[in-house]
Amino acid sequence: MVVGVDGSEHGQCALIWAAKEAQRRNKPLHIVTAYSIPIFAASGLDGGYATIDDGVIRDGAEAILKQALAKVAEYNIDVDATVENGDASGVLLELSEEAELLVVGTRGRGGFVGRLLGSVSSALPAHAKCITVTVPLRCAPRLGETTEDRHVQAEIRKDQDIAVANRVVVGVDGSEQARVAVLEAAAQAERMGAELQIVCAVPQYSGTLAWVPAALDREAIFKDIQTQLDAGIAWLKSHFPNLIASTLLKDGSPVEVMVEASREAELVVLGTRGRGGFAGMMLGSTSDGVLHHSKGPVMVVPDREDPRLADRSNFGPMLGTV
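Residues numbered from 1 in each chain as written. Predicted model: local features only at pLDDT ≥ 70, side-chain atom pairs only at ≥ 80, totals over all residues. Heavy atoms only, no water.

Student: Please clarify how the nonpolar core should be interpreted in this entry.
Tutor: One broad trend across soluble globular proteins is that nonpolar side chains are buried collectively. Among the nonpolar cores identified, the biggest contains 66 residues, and Val103, Leu196 and Leu236 are the most heavily contacted of them. A per-element tally of this core places helix H6 (residues 176-192) first, with 10 residues. If we ignore the near neighbours within four places in the chain, the residues touching leucine 196 are Val168, Val170, Ala185, Ala186, Ala189, Leu236, Leu243, Ile244, Ala245 and Ser246. Grouped together as the second largest cluster of nonpolar side chains are 13 residues, Met258, Ala261, Val290 and Leu291 included. (Core = buried A, V, L, I, M, F, W, Y, C linked by side-chain atoms within 4.5 Å. Buried < 20%, exposed > 50% of the residue type's maximum accessible area, 1.4 Å probe, protein only. Helix = DSSP H or I, 4+ residues; strand = E, 2+ residues; numbered from the N terminus. Contact = heavy atoms within 4.5 Å.)

Student: When you look at the sheet that holds strand S11 (residues 265-271) in this model, what are you seeing that I'm missing?
Tutor: Within a sheet, neighbouring strands are paired by backbone hydrogen bonds and run either parallel or antiparallel to one another. The sheet built from 10 strands is open, its strands ordered S5-S2-S1-S6-S7-S12-S11-S8-S9-S10 with mixed pairing. The sheet terminates laterally at strand S5 (79-85) and strand S10 (245-251), the two strands that pair on one side only. Shown here is a sheet whose adjacent strand axes are inclined to one another by a mean of 25 degrees, direction ignored. Here strand S7 (residues 131-136) runs beside strand S12 (residues 298-301); their pairing, made up of 3 bridges, is antiparallel. (Pairing = 2+ DSSP bridges. Axes fitted to C-alpha atoms, helices over the stretch in contact; angles between N-to-C directions.)

Student: What's the story with the environment of arginine 58 in this structure? I'm lost.
Tutor: Locating arginine 58 in the fold gives a position in helix H2 (residues 54-71). You can call arginine 58 partly exposed: its relative accessible area is 29%. Distance from arginine 58 to alanine 34, taken between C-alpha atoms, is 9.1 Å for residues 24 residues apart in sequence. For arginine 58, the residues in contact, after removing those within four places along its chain, are Tyr35 and Val83.

Student: How should I be thinking about empty space enclosed by the protein in this particular structure?
Tutor: Summary: where empty space remains is shown by rolling a probe the size of a single water molecule over the atoms. Considering all chains together, one arrives at 2 cavities of 30 Å³ or more under this definition. Looking at the largest cavity, its volume works out to about 160 Å³. Residue lining of the largest cavity: 14 residues in total, with Val172, Arg179, Leu229, Gly232 and Arg312 positioned closest to the centre. Looking at the lining of the largest cavity, the elements with two or more residues in it are H6 and helix H7 (218-239). The leading source of residues in the lining of the largest cavity is H7, at 5 residues. (1 Å grid on protein atoms, 1.4 Å probe; cavity = no way out; pocket = protein on both sides within 12 Å on 5 of 7 lines; lining within 4 Å. Points joined across faces, edges and corners; volume = space filled by probe spheres on them.)

This is the structure in structure tokens:
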């Protein structure tokens, strides 16, 4: 497992979440911070270039890692830390090729953290070779942390009466990628001793379907989708017999439904690609929207083959098939 830190409050939340997860998985945790040496044009007449002393920046990075190691010392995990020289997102993407899980922090009001986790790192969930988890700063109270960010403090106060349930929520849209995400969500729910809730959001028809002359029977559509979701639960429990799982079929925007679910769930799980509902080309508009506005940690599961998908059709109609 890998977690990126940069000394910010955002990175601290990601660090604590990663330490807890490493303990759950009984896996070693690798803490990394990265930096690159800025180069700027000198103001002298020679028109040359000046660089900042590498040693000063590296000392600062090592101090961040020392602080991070001290913060997770109480956890029963094997942990190490390294300072990497290079573009932060490039470093993390390279580490994702061999990691089981990559954890980063997100900005509480949307977007990714500024220093280590800058704007370029918004591509991490889309391009990482392993599963990623992004942890927003507004999760600080859940993790025993505090924040000085006044905007995030206001958001936390707004939701202070909402209890967070021990629940993992996964979004589905009938794609194979979503089924892979469901399998990972089920495994994560078992690790956390949590219930799993499979959510399918059905937006209002618009755009190319606006020409349909007759009113579509949404009640019949919902009934058909529920039958497919129930079949999916039966399939999932064949692989996870002890799993406590339920389904939730909602009328509304997938982004809004999942963001709302994130207020009361320990974790939201999404796939990277799908039918345009809970995924897109690489990281679709729904996944991207949830990542930027989620009130809790978001796990993004990359597209990959899983032999357990082969027997899904044995359990009944499949969501998204014709």
